[in-house]
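Close look at the chain arrangement
Residues per chain, in single letters:
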Amino acid sequence: METGERFPDFVLQDENGDTFDSKTLEGTRYVIYFYPKDNTSGCTREAIEFSENLESFKALGIPVIGVSKDSVASHRKFIDSKNLTIKLLSDPDHVLLEASGAWGTKMMYGKETTGTIRSTFIVGKDGNIEAVWKKVKVAGHVENVLEKARSL
């Protein structure tokens, strides 16, 4: 998916097992990011950095949502063990991951594999993508997203 395209509608379960419908975000700018796996080093660092900066995003009226194929129970444990404050959604069948282009072939430890491609989107109030980061490197990423959000 690219800037200007409409972000797909979605209905997924959150870390509490509650249904989260993207329709509740209509008229709201939000950050949605896709990551490979709970409790792994890069994913943990990214989630902690989004949580540490959540108040800055909230001050801009921007919620932050993380999505992976991990289960609801895994998300709950991840949030509790790392004191995360962001919303995490479970996409076990990778429906949204695929629809957003965050699922596909990638290199991992020198081998080609299929899975989650670390990606972040800022979705505008009109539901269209305002910014996109693909194949994200965690270091400095959250700062870049926040800087872009401030400029919108």
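Described below are features of the structure shown in this document. (Residues numbered from 1 in each chain as written. Predicted model: local features only at pLDDT ≥ 70, side-chain atom pairs only at ≥ 80, totals over all residues. Heavy atoms only, no water.)

Taken as a whole, this structure holds ten salt bridges when the rule is applied. Linking Asp80 and Arg76 is a salt bridge whose minimum nitrogen-to-oxygen distance equals 2.9 Å. One end of the pair is Asp80 and the other is Arg76, both in helix 3 (residues 72-82) and four residues apart, which spans about a single turn. Several salt bridges converge on common partners, so that one network encompasses Asp14, Glu15 and Lys87. (Salt bridge = Lys/Arg side-chain N within 4 Å of Asp/Glu carboxyl O. Helix = DSSP H or I, 4+ residues; strand = E, 2+ residues; numbered from the N terminus.)

We now examine the sheet that holds strand 1 (residues 11-14). Spatially, 2-1-5-4-3-8-9 is the arrangement adopted by the seven strands of the open sheet, whose pairing is mixed. Two strands close off the open sheet at either side, each with one partner strand: strand 2 (19-21) and strand 9 (129-133). With strand direction ignored, the average angle separating the axes of adjacent strands in the sheet is 30 degrees. In the packing of helix 3 onto the sheet, contacts are made with strand 1, strand 4 (64-68) and strand 5 (87-90), and the angle to strand 5 comes to roughly 160 degrees. (Pairing = 2+ DSSP bridges. Axes fitted to C-alpha atoms, helices over the stretch in contact; angles between N-to-C directions. Contact = heavy atoms within 4.5 Å.)

Now for the packing of helix 1 (residues 41-52) against helix 5 (residues 141-151). Two elements in contact, helix 1 and helix 5, have axes separated by 9 Å at closest approach and are oriented at 35 degrees. As for how helix 1 packs across helix 5, the hand of that crossing is right-handed. Across from Glu46, Glu49 and Phe50 in helix 1, the residues of helix 5 making contact are His141, Val142 and Val145. Taken together, the residues of the contact of helix 1 with helix 5 break down into three nonpolar, one polar and two charged. (Left-handed = near helix turned anticlockwise from the far one by under 90°. Nonpolar A, V, L, I, M, F, W, Y, C, P; charged D, E, K, R; others polar.)

In this model helix 1 runs 16 Å from its N-terminal to its C-terminal C-alpha over twelve residues, within 8% of the 16 Å that 1.5 Å per residue would give. Every buried residue of helix 1 is listed here: Cys43, Thr44, Glu46, Ala47, Glu49, Phe50 and Ser51. Tucked inside the fold, the buried residues of helix 1 contact strand 3 (30-34), helix 2 (54-59), strand 4, helix 3, strand 8 (119-123) and helix 5. (Expected span 1.5 Å × (residues − 1). Buried < 20%, exposed > 50% of the residue type's maximum accessible area, 1.4 Å probe, protein only.)

So, about the side chain of Asp14. Its location among the elements puts Asp14 in strand 1. A distance of 2.9 Å separates polar atoms of two side chains, one belonging to Asp14 and the other to Lys87. Contacts of Asp14, omitting those with residues within four sequence positions, involve Val72, Lys87, Leu88 and Leu89. (Polar contact = N/O pair within 3.5 Å; in protein donor to acceptor, adjacent residues only side chain to side chain.)

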